[in-house]
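# Structure at a glance
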Amino acid sequence: MASNRPADSSTEPLHRQLYTRLREDILARRLAPGSKLPSTRALAQDLRLSRNTVLGAYDQLLAEGYLECRQGSGTYVAQALPEGPVKTTAGLPKKSRAPRHVSKRGRLLARTPLMAPHEIPPGAPDPISFRPGVPAVDAALLKEWKRASRRLDRLPGRLLGYGPPEGHETLRRAVAAYLATARGVRCSYEQVLIVNGSQQALDLASRVLLDPGDPAAVEEPGYLGAKGAYAAAGAKIVPVPIDEAGIALDRMPKGARPRVVYVTPSFQYPLGVTMPLPRRLALLDWASRTGAWILEDDYDSEYRYAGRPIEALQGLDEDGRVIYMGTFSKTVFPGLRLAFVVVPPDLIEPFAGARRLCDHHSPAFEQAVLAQFLEDGRFVRHLKRMRAMYRRRQEALIAAVRERLGGLVEIRPADAGMHVLAWLPPGWDDVRAATHAARAGIETLALSRFCLRKPARGALLLGYTALEEPRMREGVRRLAAALQTFKG
Ligand SMILES: Cc1ncc(COP(=O)(O)O)c(C=O)c1O
């Protein structure tokens, strides 16, 4: 019997501690089935607890069937418990020592290439992050977002139940209209599926389009999220080099015949090349001839600072080979986890089926707020403001790097995107340079992290969009100090 008083030092309430102890005594048969428990008053006195504490523990055990009350007689340990003592541990279940069975897919999932890790070790001084692709989330955006959600004060009941896997119809219509005018995407709203981030679009595409062992092409260097989704589907990854016009199809390994190719034509991730029209047409022609699908990831095309915005590859596609995806992670905020994928009509059903099995659909309330945000014109106004802010921030970053690191790294302005590349002196190992900077509290990403083969020259990706200028200058000053003490 739990004769010791529960410890006052525990963070758990006393009634919960008493409950746990009695439950363990019952399961371990230290309290036999059918045995009588002391009255709550007697036990409270014995353990110097309040009677309410004991009542709380007894009530819980009664509700869970460990105890039973007999009218006029008292409280007993339930008779109907399994034979013999049940082993319990007070703490968490122990990790199994021998490896236990998981599926081949499970093993692949455990090994998939992950997003580049956060580099800053715990305890590093005052961290400043140049991590690319992180948007500025300022007070003005939050105010606009709140305003859009307030307009949904009277929630229609249908928003609170299950919704369609393809997404909220108003949002799909608003996205289709936006994509037609801003990105030259040609589609009906039925082809627009709302997903939880473009990562989910990549995962769904890999499930729907790839069987284990199928070849699937990626840009080299390229986005780890695409490689990870392919790898998890058991596909054979085919890296295709990038040249000055983007993915170099003529350098695809001979006989590879990929079923899918992942590309970022607006601003190649991470090198920042924009694919010109002749290469776009060649890519579409190649896909038509070989029957391959093209995954077009238009992840940050909204941020173009020079020249005319370049329309999406999807808008040139006559053969329905392009699966186009974009995300609100870069244009609103990443925690929203909303993105869209525009699929050719014959892929709507398999994508919707995969989605239903995965998680039914994206949260309905957030979809409705986002639809409101787009429909009110707030989204386009927000983008315009961000574009101007990011252009200024990129200029400030380049000026600071040239001032502090001019003799060491090479940096060129980018016409688009959310990061620039700082090319390191030939022979420098960029992963080691990034690790060295991280120890000084400066987070950057090494280009090599995005490569299956080591690149000819190392570089650091410097994201600038989320950093206010004074903080950014301080970051560059500390990065310069770190790189000056780095020995290649
Ligand atoms: C190339 C690329 N695509 C897509 C994304 C966005 O992914 P998600 O929409 O899942 O946040 C990122 C984010 O870093 C990216 O770099």
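Scope of this entry: the structure provided in the associated data block. (Residues numbered from 1 in each chain as written. Predicted model: local features only at pLDDT ≥ 70, side-chain atom pairs only at ≥ 80, totals over all residues.)

A word on the packing of helix α13 (residues 430-439) against helix α14 (residues 469-484). Axis separation between α13 and α14 bottoms out at 9 Å; the angle between their running directions is 120°. Overall, the two elements α13 and α14 adopt an arrangement that is oblique. Between α13 and α14 the crossing geometry is right-handed. Residues Ala433, His436 and Ala437 of α13 form the contact with α14, whose participating residues are Leu479, Ala482 and Leu483. Broken down by class, the residue content of the contact of α13 with α14 amounts to 5 nonpolar, 1 polar and no charged. (Axes fitted to C-alpha atoms, helices over the stretch in contact; angles between N-to-C directions. Helix = DSSP H or I, 4+ residues; strand = E, 2+ residues; numbered from the N terminus. Parallel < 35°, antiparallel > 145°, perpendicular 65-115°, else oblique. Left-handed = near helix turned anticlockwise from the far one by under 90°. Contact = placed C-beta atoms within 7 Å. Nonpolar A, V, L, I, M, F, W, Y, C, P; charged D, E, K, R; others polar.)

Attention now goes to the packing of helix α7 (residues 198-209) against helix α10 (residues 348-359). Viewed as axis vectors pointing N to C, α7 and α10 meet at an angle of 115°, and their least axial separation amounts to 10 Å. Taken as axis vectors, α7 and α10 run roughly perpendicular relative to one another. Crossing geometry of α7 relative to α10 is assigned as right-handed. Along its contact with α7, which presents Leu204, Arg207 and Val208, the element α10 presents Pro350, Phe351, Ala354 and Arg355. Here the contact of α7 with α10 is built from residues that sort into 5 nonpolar, no polar and 2 charged.

With respect to the secondary-structure elements, Tyr162 resides in the loop between α5 (139-150) and α6 (169-183). For the pair formed by Tyr162 and Lys227, sequence separation is 65 residues and the distance between their alpha carbons is 32 Å.

The subject of this paragraph is the sheet that holds strand β6 (residues 236-243). In a beta sheet, neighbouring strands are held together by backbone hydrogen bonds and run either parallel or antiparallel to one another. A sheet is described by the order of its strands in space; here 8 strands give the open sequence β4-β11-β10-β9-β8-β5-β6-β7, paired in mixed fashion. The sheet terminates laterally at β4 (192-195) and β7 (246-247), the two strands that pair on one side only. Sheet topology note: the β4/strand β11 (residues 339-342) ladder contains 4 bridges and is antiparallel. Each bridged residue has a counterpart across the sheet, and for Leu193 the counterpart in β11 is Val341. Packing against the sheet, α6 makes contact with β4 and β11, and its axis sits at approximately 115° to β4. (Pairing = 2+ DSSP bridges.)

What follows covers the site of the ligand. Close contacts around the ligand come from 14 residues, with Gly197, Gln199, Tyr299, Thr327 and Ser329 the closest. When the residues that make up the shell around the ligand are grouped by side-chain class, the tally is 5 nonpolar, 8 polar and 1 charged. (Near = placed C-beta within 6 Å.)

Let us now look at the nonpolar core. Core analysis: the largest hydrophobic core is formed by 108 residues, its most contacted members being Val260, Ile294, Ile323, Phe340, Val341 and Leu460. The element contributing the most residues to this core is helix α11 (residues 364-375), with 7 residues. (Core = buried A, V, L, I, M, F, W, Y, C linked by C-beta atoms within 7 Å. Buried ≥ 20, exposed ≤ 12 C-beta atoms within 10 Å, placed from the backbone.)

Turning to unusual backbone geometry, a few remarks are in order. Between Glu220 and Pro221 the backbone carries a cis peptide bond, its omega angle lying at 5°. Within the element layout of this structure, Pro221 appears in the loop between β5 (215-220) and α8 (224-232). The phi dihedral of Arg48 falls on the positive side, at around 55°, and the residue is not glycine. For Arg48, the position within the fold is in the loop between α2 (40-47) and α3 (51-63). The class of Arg48 is exposed, set by 7 C-beta atoms lying within 10 Å.

Alternating positions in β11 separate into two faces, Ala339 and Val341 on one and Phe340 and Val342 on the other, with burial throughout. Relative to β11, strand β10 (residues 322-327) is paired through 4 bridges, and the arrangement is antiparallel. When the sheet's bridge partners are listed, Tyr324 is paired in β11 with Val342.

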